[in-house]
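Residue-level listing of the chains:
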Amino acid sequence: MFISNCGISLVRTICRAAFTMKPKVVFVLGGPGAGKGTQSQKIVQHFGYDHLSAGDLLREERNNPNSEFGELIENYIKEGKIVPVEITCSLLENAMQASENDKFLIDGFPRNQDNLQGWNKTVADKVDLQFVLFFDCPQDVCLQRCLYRGASGSGRTDDNEESLKKRFNTYLNETQPIISYYEKFNLVRRVDATRTTDEVFEDVKLLFQEAAGGDH
Ligand SMILES: Nc1ncnc2c1ncn2[C@@H]1O[C@H](COP(=O)(O)OP(=O)(O)OP(=O)(O)O)[C@@H](O)[C@H]1O
Ligand SMILES: Nc1ccn([C@@H]2O[C@H](COP(=O)(O)O)[C@@H](O)[C@H]2O)c(=O)n1
């Protein structure tokens, strides 16, 4: 039987619309230097997620000479403050749309009420939030890790004692309430992040295996 190219493409479009599942999202939260980026890279390798770091996207936007937000973003980053959600959410949405993947680790987001409200208003309904991966790490350990990262040439303008003090304050006052919010929905998966990278990843692996229904 003859089916035209146009017909085939119409059938494909209909099938895609009928069977398309919402993209899966895991939020990755924890204090500055808790190991979110390090563990995210391992999750990408083992479980095939795309890693979208809100901090990386903001730094990239800051470095774009054509961006109207470069200076604003740099001021927020140096002060350890959270950039208005309209900017961050649109960077995240653009990155998700540009990807062919259907599962995303969103690292360092939502970090405050403004992030949460913006996400809930514009994106939450379009995705399936699997869980919130929370790397629990005391401030003294986080501080040493960030200072070491700064001394090793991270090039980050916020890996210094002055910015870190502000970042920790923001984390305690603004981000921890967001983790508590998700706890009410039983969505938080806490991991002790003080151990070695490999030990931490052993626990992380179990969570993702469980989320995948034991596939891995
Ligand atoms: N389990 C670990 N033990 C020791 N050092 C670690 C561990 N995990 C990460 N690090 C180191 O600590 C530093 C911070 O790690 P990473 O960048 O992954 O943290 P982060 O939570 O993404 O930080 P930020 O929020 O500041 O971007 C890096 O230099 C990394 O190599
Ligand atoms: N949702 C977010 C995430 C980050 N920022 C700003 O970027 C800084 C660095 O973030 P990292 O996750 O890479 O540590 C952070 O201190 C904020 O200034 C943000 O505004 N909103």
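Residues numbered from 1 in each chain as written. Chains lettered and ligands numbered in written order. Predicted model: local features only at pLDDT ≥ 70, side-chain atom pairs only at ≥ 80, totals over all residues. Heavy atoms only, no water.

For the protein, the name recorded in an unreviewed UniProt entry is UMP-CMP kinase, with Psylliodes chrysocephalus as its organism. UniProt, in its Subunit (unreviewed entry) section for the protein, records the words "Monomer." Per UniProt, the comment on the protein under Function (unreviewed entry) is "Catalyzes the phosphorylation of pyrimidine nucleoside monophosphates at the expense of ATP. Plays an important role in de novo pyrimidine nucleotide biosynthesis. Has preference for UMP and CMP as phosphate acceptors." (UniProt positions renumbered as here; feature names shortened; annotations may be inferred.)

(A) A look at the sheet that holds strand 3 (residues 103–107). Spatially, five strands are ordered 2-3-1-4-5 in an open sheet, and the strand pairing comes out parallel. On the outer flanks of this sheet lie strand 2 (50–53) and strand 5 (188–192), each paired with one strand and no other. Taking each pair of neighbouring strands and ignoring which way they run, the sheet shows an average axis angle of 25°. Looking at chain direction, strand 1 (residues 24–30) and strand 4 (residues 128–136) are connected through seven bridges and run parallel. Bridging from a neighbouring strand, Val28 pairs with Leu133 of strand 4. Strand contacts of helix 2 (residues 36–47): strand 1, strand 2, strand 3 and strand 4, with the helix running at about 175° to strand 3, the strand carrying the most contacts. (Pairing = 2+ DSSP bridges. Helix = DSSP H or I, 4+ residues; strand = E, 2+ residues; numbered from the N terminus. Axes fitted to C-alpha atoms, helices over the stretch in contact; angles between N-to-C directions. Contact = heavy atoms within 4.5 Å.)

(B) Molecular detail of the packing of aromatic side chains. Applying the stated criterion to the full structure yields nine aromatic pairs. For the ring pair Tyr181 and Tyr182, a centre distance of 5.0 Å and an interplane angle of 75° mean the geometry is edge-to-face. Overall, Tyr182 belongs to the buried group, its relative accessible area being 4%. Through a chain of ring-to-ring contacts, the aromatic side chains of Phe27, Phe109, Trp119, Tyr181, Tyr182 and Phe185 assemble into a single cluster. Of note, Lys42 hangs over the ring of Phe201, and the distance from its end group to the ring centre comes to 5.4 Å. Above the face of the Tyr76 ring, Lys81 is positioned so that its terminal group lies 5.0 Å from the ring centre. (Phe/Tyr/Trp six-rings, centres within 6.5 Å; stacked < 30°, edge-to-face > 60°. Buried < 20%, exposed > 50% of the residue type's maximum accessible area, 1.4 Å probe, protein only. Lys NZ or Arg CZ within 6 Å of the ring centre and 35° of its normal.)

(C) Here's a closer look at the UniProt feature "binding site: a ribonucleoside 5'-phosphate" (unreviewed entry) in the protein. Mapped onto this numbering, the UniProt entry annotates "binding site: a ribonucleoside 5'-phosphate" (unreviewed entry) at Arg59, Lys81, Ile82, Val83, Gly108, Phe109, Pro110, Arg111, Arg156 and Arg167. Tracing the chain through its elements places Arg59 in helix 3 (residues 54–63). Among the residues examined, Arg59 registers a relative accessible area of 16% and is labelled buried. Those residues in contact with Arg59 that sit more than four places away from it in its chain are Ser53, Ile77 and Arg156.

(D) Just the pattern of salt bridges, in detail. Enumeration according to the criterion identifies 14 salt bridges in this entry. The salt bridge involving Arg149 is made with Asp159; its shortest N-O contact spans 2.9 Å. Taken together, the residues span a long stretch of sequence, with Arg149 in helix 7 (residues 139–151) and Asp159 in the loop between helix 7 and helix 8 (161–183) at a distance of 10 residues. In this structure, Arg156 engages Asp158 in a salt bridge whose closest nitrogen and oxygen atoms are separated by 3.0 Å. (Salt bridge = Lys/Arg side-chain N within 4 Å of Asp/Glu carboxyl O.)

(E) Examining unusual backbone geometry more closely. A cis amide bond, omega -5°, links Phe109 with the succeeding residue Pro110. With respect to the helices and strands, Pro110 occurs in the loop between strand 3 and helix 6 (113–122). Residue Asn186 is not a glycine yet carries a positive backbone phi of 55°. Along the polypeptide, Asn186 turns up in the loop between helix 8 and strand 5.

(F) Structural context of helix 4 (residues 70–78). When helix 4 is considered as a whole, its buried residues turn out to be Gly70, Ile73, Glu74 and Ile77. Around the axis of helix 4, the buried residues are gathered within 100° of arc, so they sit on the same side. Elements that come into contact with the buried residues of helix 4 comprise helix 3 and helix 5 (85–98). Looking one or two residues beyond helix 4, the residue adopting positive phi is Gly80, at roughly 65°. (Arc of directions from axis to C-beta.)

(G) Inspection of the site of ligand 1 at higher detail. Taken together, 15 residues surround ligand 1, and among them Lys36, Thr38, Arg149, Arg167 and Arg195 come closest. Note that an oxygen atom of ligand 1 is positioned 2.5 Å from one of the side-chain N or O atoms of Thr38. At 3.0 Å from an oxygen atom of ligand 1 is found a side-chain nitrogen or oxygen belonging to Arg156. When ligand 1 is considered free in solution it has 640 Å² of accessible area, and contact with the protein chains removes 76% of it. Elements with a minimum of two residues in the shell around ligand 1: helix 2 and helix 7. When its residues are assigned to classes, the shell around ligand 1 shows two nonpolar, seven polar and six charged. (Near = heavy atom within 4 Å. Polar contact = N/O pair within 3.5 Å; in protein donor to acceptor, adjacent residues only side chain to side chain. Areas by Shrake-Rupley, 256 points an atom, 1.4 Å probe, with all protein chains shown as cover. Nonpolar A, V, L, I, M, F, W, Y, C, P; charged D, E, K, R; others polar.)

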